[in-house]
Structure formats: structure tokens, C-alpha cells
Amino acid sequence: MSIQQAADFTHQTVLLHEAVDALGIADQRASGIYIDGTFGRGGHSRLILTQLAGNGRLIAFDKDTQAIASAAQIEDSRFQIVHDSFAAMGEALPDCGVSQVDGILMDLGISSPQVDDATRGFSFRSDGPLDMRMDTTRGISAAEWLATADEEHITEVIKNYGEERFAFQIAKAIVARRKTESISGTRQLAEIVAHAVKTREKGKDPATRTFQAIRIFINQELEDLEIGLAAAFDALAPYGRMSVISFHSLEDRIVKQFFASKVKLEQPDRRLPIRHVDLPQPKMRLLNRIKPSEAEVSANPRARSAILRVAERLPEVNA
């Protein structure tokens, strides 16, 4: 797909100003180094660049080749794009000559252009090849995985990543269908799921949870998130901030628990003779939890489930 074709699919950046404002890019911090862990179509990156000083720097990551093509259109010496997952941050930043950063923004999930482009295979609303890879240059497609995975594994993926109570029935139907024909199209998979799901949630297509589950599995989204959060924390300078937007409960739970693990550290037995200064000290403090306004949800229904969590790294306390 050409850059122009990719541009035909528009994207409304969710919590645009809230997520960037949370980084606190002002005064001396405007000369800092920032990370956009998920460039997408560059909404957050472009706003960050407007707030950076002339000697500031922004490094963005994305797995999607179309996102990389979009990033190539930004002509700004302060900006650099890395074609990789934010999970690779720990290895990539030293290659960029960076050891610490002042803020990191991560906008999780899938972008509107990916959903709206039928050739990507993320959506069942239009028929297309069952691919679902964010990075089409590596890994196996959803169709390739469904052709070989056993019923137990398919059940496990749909249940764990889609929180689908009919996971077993769906997996059984997929395995039965592939005995007679290859499952290679999005509408084909959606039809299989629709026949296997006995009851439907009001206003939601029965294939929604299955498509979410397979997409998350194919792209290792939750594994990447856990690795990426740890790498992001390690890269943060004291008082550096993390601004993370999640779109479903599985993502948000990981983000919430990660922040909690840095805020509430396990303390030793109070009866032990340990000075207060020697007790484990919080490594982060929570700053905010924000959901989209009614006006934003009305203008962009895909923002409805978004949650922004913001935390700040604290300096280490010396004895």
C-alpha cells in the first residue's frame, strides 16, 4: 500500500491533549528526551513536537510498516522513528545514544486505520484476508495459526485473551470447518463464530471477542506490554513520567498492577530494628487516571473504553 492509500484511512487520536499534557513538557523539561511508544499516525508525536524546545528530542516506536511510512513524512531533526515494538526499548535506546528519558507515552491497542483497512484482517465488518499482524514483515498470520493450532490451544487463546465464555465451542467449530476448507477470510471466521456463540451481547457482534483474542495473541500484545512497561520504567529519569492509554480490561489490569508494584512496595516486619530511611521506598507516585469526556466519546465512539493512567518516577532515597 502506498503512503497516499494509507493516508486515506483517518485516525482520531484518543485523549490527545490529556496524554501529552500529563508528560509535563514545559520550562526546562521542554529540552528533554521523550518516547512515543506507539506512533500510529503520529497524533501524540506531532503534539509533543510542538511543545519541545529546539534542543528537545522525541523517539517514536511502531511495529506497523504503514505507521513507519507515515512517520517518514515528519521532517524534524528532533524526531526519530524506530521500526520495532516498544518492548525493544531497552535495546533500542542505547543504539540511539540515549540512557535516560523524561517522559514516555504509550497508546495501546489497535489504530483506526488498521481496523478500517480490510486488507489488514483486523475487522470482520469488511471481508479481507485473515492476517492481523501489526508488522506484516515478520511472524505468522492469523490464518496460518488457525490452520495448525490444536483445539485446546485455540480455546485457551480465545478464553484468556478474549474473555469469551464460548471459547471451547468456537475452537471446536474452527477445527471442524478447517477439515473441509481453509479459513482464510475475516467474514468466513466471523460466520463460524456467529454459529458457535449461543447468546449475543446487546449491540456487540458475536465475533468481537474472538477477533480481539486472536489479534492480541498473534501480535504478543500483552507480553510486549509487560516487557515494555519494565523497559520504560528503567529508562525514566527521576521525575520522568509515564502516560499510558489502554482500551480493554486485560491491558488496563497489567498497567494498573505494574504501577501499583512501584508505588506500594512490600515492607519488612515492623518488629525488626530497621531505620525508616532504610525501609523500601516507593519508586513511583500515581498522578492521574483519566477517561474520555462525553464530548470525545460522542465524536469518536472508539474512545469509549479508553483509560489513561499517569505515574511519575521518584528519585532514589539515599541513607
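Placed above this text is the structure.
Residues numbered from 1 in each chain as written. Predicted model: local features only at pLDDT ≥ 70, side-chain atom pairs only at ≥ 80, totals over all residues. Heavy atoms only, no water.

1. Considering the overall build of the protein
For step 1, the next point in the chain: Secondary structure summary: the protein contains 14 helices and 7 strands in total.
For step 2, the next point in the chain: Here the C-alpha atoms of the protein give a radius of gyration of 21 Å, agreeing with the 20 Å that 2.2 N^0.38 yields for 319 residues.
For step 3, the next point in the chain: The dimensions of the protein, computed from C-alpha atoms along their principal axes, are 70 × 55 × 40 Å.
For step 4, the next point in the chain: Looking at the protein residue by residue over its 319 residues, the buried ones come to 50%.
For step 5, the next point in the chain: Long-range pairs, those at least 24 residues apart, make up 68% of the contacts in the protein with a sequence separation of at least 6.
For step 6, the next point in the chain: Counting every atom, the protein has about 15900 Å² of accessible surface; 49% of that belongs to carbon and sulfur.
For step 7, the next point in the chain: Taking the 39 positively charged and 44 negatively charged side chains of the protein as two groups, their mean positions are separated by 6 Å. (Helix = DSSP H or I, 4+ residues; strand = E, 2+ residues; numbered from the N terminus. Rg over C-alpha atoms; globule rule 2.2 N^0.38 Å. Buried < 20%, exposed > 50% of the residue type's maximum accessible area, 1.4 Å probe, protein only. Contact = heavy atoms within 4.5 Å. Areas by Shrake-Rupley, 256 points an atom, 1.4 Å probe, with all protein chains shown as cover. Lys, Arg positive; Asp, Glu negative; His and termini not counted. Charge placed at Lys NZ, Arg CZ, Asp CG, Glu CD.)

2. Brief notes about helix α10 (residues 186-196)
For step 1, the next point in the chain: Those residues of α10 that fall on the buried side of the exposure criterion are Thr186, Gln188, Leu189, Ala190, Ile192, Val193 and Ala196.
For step 2, the next point in the chain: Residues of α10 that are buried in the fold lie against α7 (142-148), α9 (167-177) and α11 (208-218).

3. Topic: α11
For step 1, the next point in the chain: For α11, the set of buried residues is Thr210, Phe211, Ala213, Ile214, Arg215, Ile216 and Ile218.
For step 2, the next point in the chain: In this structure, the buried residues of α11 make contact with α7, α8 (151-162), α9, α10 and α12 (221-235).
For step 3, the next point in the chain: Two residues or fewer past α11, Gln220 is found with a positive phi of approximately 50 degrees.

4. Describing the layout of surface pockets
For step 1, the next point in the chain: One number sums up the size of the second largest pocket: a volume of about 250 Å³.
For step 2, the next point in the chain: Along the wall of the second largest pocket there are 14 residues; nearest its centre are Lys63, Arg138, Ile218, Asn219 and Gln220. (1 Å grid on protein atoms, 1.4 Å probe; cavity = no way out; pocket = protein on both sides within 12 Å on 5 of 7 lines; lining within 4 Å. Points joined across faces, edges and corners; volume = space filled by probe spheres on them.)

5. What about the pairing of strand β1 (residues 33-36)?
For step 1, the next point in the chain: Examined bridge by bridge, β1 and strand β2 (residues 57-62) share 4 bridges and lie parallel to one another. Counterpart to Ile35 in the pairing with β2 is Ile59.
For step 2, the next point in the chain: Read as a crossover between parallel neighbours, the route from β1 over helix α3 (residues 43-51) to β2 is right-handed.
For step 3, the next point in the chain: Strand direction decides the pairing type here: β1 and strand β4 (residues 101-107), joined by 3 bridges, are parallel. Bridge assignment links Asp36 to a residue of β4, and that residue is Leu105. (Pairing = 2+ DSSP bridges. Right-handed = clockwise from strand over helix to strand, strands pointing away.)

6. Section: the pattern of salt bridges
For step 1, the next point in the chain: What the rule picks out here adds up to 14 salt bridges.
For step 2, the next point in the chain: We note a salt bridge from Arg285 to Glu312, for which the minimum N-O separation is 2.8 Å. Of this pair, Arg285 sits in strand β6 (residues 284-290) while Glu312 sits in strand β7 (residues 307-313), placing them 27 residues apart in sequence.
For step 3, the next point in the chain: In this structure Arg285 comes out as partly exposed when scored by relative accessible area, which is 40%.
For step 4, the next point in the chain: The network of salt bridges with common partners includes Asp84, Asp135 and Arg138. (Salt bridge = Lys/Arg side-chain N within 4 Å of Asp/Glu carboxyl O.)

7. Quick look at the side chain of Asp64
For step 1, the next point in the chain: Mapped onto the elements, Asp64 comes out in the loop between β2 and α4 (65-71).
For step 2, the next point in the chain: On the basis of relative accessible area, Asp64 is assigned to the buried category, the value being 1%.
For step 3, the next point in the chain: For Asp64, the contacting residues outside a window of four places in its chain are Gln114, Arg120 and Met134.

8. Details of a positive patch on the surface
For step 1, the next point in the chain: On the surface, a cluster of positive charge is made up of Lys256, Lys264, Arg289 and Lys291.
For step 2, the next point in the chain: Within the secondary structure, Lys291 is located in the loop between β6 and α14 (294-299).
For step 3, the next point in the chain: Assessed through its relative accessible area of 44%, Lys291 is described here as partly exposed. (Patch = residues over 30% accessible without salt bridge, like charges linked within 9 Å, V, L, I, M, F, W, Y side chains within 5 Å.)

9. Here we look at unusual backbone geometry
With the exception of glycine, most residues fall at negative phi, and the peptide bonds are largely trans.
For step 1, the next point in the chain: Positive phi, close to 75 degrees, is recorded for Met132, a residue that is not glycine.
For step 2, the next point in the chain: You can see Met132 is positioned in the loop between α6 (112-116) and α7.
For step 3, the next point in the chain: For Tyr239, which is not glycine, the phi dihedral falls at a positive 70 degrees.
For step 4, the next point in the chain: The topology assignment puts Tyr239 in strand β5 (residues 236-246).

10. Section: the sheet that holds β4
Sheet strands pair by backbone hydrogen bonding; their relative direction is either parallel or antiparallel.
For step 1, the next point in the chain: Strand order across the open sheet formed by 7 strands is β3-β2-β1-β4-β5-β7-β6, with mixed pairing between neighbours. Strands with a single pairing partner mark the edges of an open sheet, and in this sheet they are β3 (79-83) and β6. Direction aside, neighbouring strands of the sheet carry axes that sit 15 degrees apart on average.
For step 2, the next point in the chain: Across the sheet, α3 touches β1, β2, β3, β4 and β5, and the angle it forms with β2 is around 175 degrees.
For step 3, the next point in the chain: Each of β5, β6 and β7 is contacted by helix α13 (residues 249-263), which is oriented at about 20 degrees to β7, the strand it contacts most. (Axes fitted to C-alpha atoms, helices over the stretch in contact; angles between N-to-C directions.)

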